[in-house]
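# Descriptive analysis of the structure
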Amino acid sequence: MPSLNRQILIAACLGLALGWLLSILPEGSETASAVLYASTLVSSAFLGLLRMILIPLIFTSIVVGVANLQAHHQVHRVWVITLCYFVITVSLAMLVALLAANWFEPGAGLSLQLFAEAMADFEARQLTLPEFFQHFFANLFQNPFTAFSTNNILSVVVFALFIGIALVAGGERFSAIGELMRQMLDMLLLITGWIMRLAPLGILALLLRLVAEQDAALLLTVLGFIVLVFATTLFHGVVVLPGVLYLATRRSPLWFWRGAREALITAFATSSSAATLPISMRCAQHNLGVRQGVAGFVLPLGATMNMDGTALYEAAAALFVANLVGIELSFGQQMVVFFTAMIASTGAPGIPSSGMVTMVMVLQAVGLPAEAIAILLPIDRVLDTIRTAVNVEGDLIGSVVVDHLAAEQAENPRDRV
Ligand code: ASP
């Protein structure tokens, strides 16, 4: 029996190949609908299991992680390094996007007529910058039960931070709760291991559907833009992020990819950093040797706030839309795109196509028609794959970098949490 890692890789290739086979079968074929139906069942069971474990896992791992870090006086250091890492890598991602989009000018000369119909029917969801902040802060502190039941990861993170810090502040008084949380976390990781056994099948089903259900004609029309986004996102994931990893830790990219492969393929297939989180946590701790305290802190925060792929996409897409409607964005306007895409990617939750909602904000910030989302939406399922994989890669590399730098700075580097 091949290792799980290899099974996932084989399943991903099989899923892509079978999906393509289905797409060339004649329309209305019974085999195709039966296979599609079966893969819908399998993929929703897999996603459902990941969602089932997600919130309890985030909550306990942050509580335990923060309590451990706090006990070793490392919380402050981890915070600062994490935030610096997030800001630097997202800025690099957008720089890559803006340079590539200015260079290749995707969308210039494409006839807007092609999309006129889609644009006419579409009502864009408006989200201005002030509204965005209002929404962001309203989401930050919530009744924990509401946050748990609505999968609001950001406020679960905030609540867990409070509990983790309080556990340490209370010392002996709360030791029973601390022990309970540690045991809960162990148990949830065990269950995550069981869910992982289903990952090859889940990934096969997800990728099969992805390929089989694409509208090839539409994809061809905007092929230039799709290729550009794929290539620049890949460049960020294959050159820039591993470069940051090497500079900060002297670790080789190959070592990283071997350890992170399960999480990256799952992110590609699910298009959701949040759904991938249980698998990312396992990869970080088991394969990449990140301390639980750091992984439990950086990864959930990263899955909601650190989205290199999304920021890159939003910046490139804004310039694409500008080219489509024939507007040249000045340097100043491109800077506005830079900052709004940074904020927008921070606010996008780690679920499929969430970047599309915050994308409206970026378009509006420079006066581009929000309705242009109608052009981007139909091709989003395809582009969401690679950008989510890079989002997750950014978080995983972040956990390795933060772990390394925080340990290096500690008075006693061997003071492992
Ligand atoms: N699907 C992405 C993620 O989960 C977010 C996005 O739509 O850009 O990371």
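Data block above holds the structure.
Report on the accompanying structure. Every value quoted in this text rests on a predicted model; they were computed, and no experiment measured them.

### Here's the deal with the site of the ligand
Within the structure, the ligand sits among 15 residues, and Ser273, Thr310, Gly355, Arg387 and Asn391 are positioned closest to it. In this structure, Ser271 approaches the ligand through a main-chain N or O atom, which is 3.0 Å from a nitrogen atom. Take Asp384: an N or O atom from its side chain is 2.8 Å from a nitrogen atom of the ligand. Judged by the proximity of its atoms to the pocket grid, the ligand belongs to the largest cavity. Of all elements in the fold, only helix H17 (354–365) and helix H19 (380–409) reach the threshold of two or more residues within the shell around the ligand. Counting residues per element, the shell around the ligand draws most heavily on H19, which supplies four residues. In the shell around the ligand, the residues fall into three nonpolar, ten polar and two charged.

### Some remarks on the pattern of salt bridges
Within the structure shown, the criterion is met by five salt bridges. Put simply, Asp380 and Arg387 hold a salt bridge, and the shortest N to O gap is 2.9 Å. Side by side, Asp380 and Arg387 carry an identical accessibility label, which is buried. Between Asp384 and Arg387 there is a salt bridge, and its shortest N-O distance comes to 3.4 Å.

### What about helix H16 (residues 331–347)?
In a regular helix each residue adds 1.5 Å, so 17 residues correspond to 24 Å; H16 covers 24 Å between its end C-alpha atoms and thus fits that length. For H16, the full list of buried residues reads Gln334, Val337, Phe338, Thr340, Ala341, Met342, Ala344 and Ser345.

Cut-offs and rules
Residues numbered from 1 in each chain as written. Predicted model: local features only at pLDDT ≥ 70, side-chain atom pairs only at ≥ 80, totals over all residues. Heavy atoms only, no water. Near = heavy atom within 4 Å. Polar contact = N/O pair within 3.5 Å; in protein donor to acceptor, adjacent residues only side chain to side chain. 1 Å grid on protein atoms, 1.4 Å probe; cavity = no way out; pocket = protein on both sides within 12 Å on 5 of 7 lines; lining within 4 Å. Sits in = over half its atoms within 2 Å of the grid points. Helix = DSSP H or I, 4+ residues; strand = E, 2+ residues; numbered from the N terminus. Nonpolar A, V, L, I, M, F, W, Y, C, P; charged D, E, K, R; others polar. Salt bridge = Lys/Arg side-chain N within 4 Å of Asp/Glu carboxyl O. Buried < 20%, exposed > 50% of the residue type's maximum accessible area, 1.4 Å probe, protein only. Expected span 1.5 Å × (residues − 1).

The values are spatial; any link to function lies outside them.
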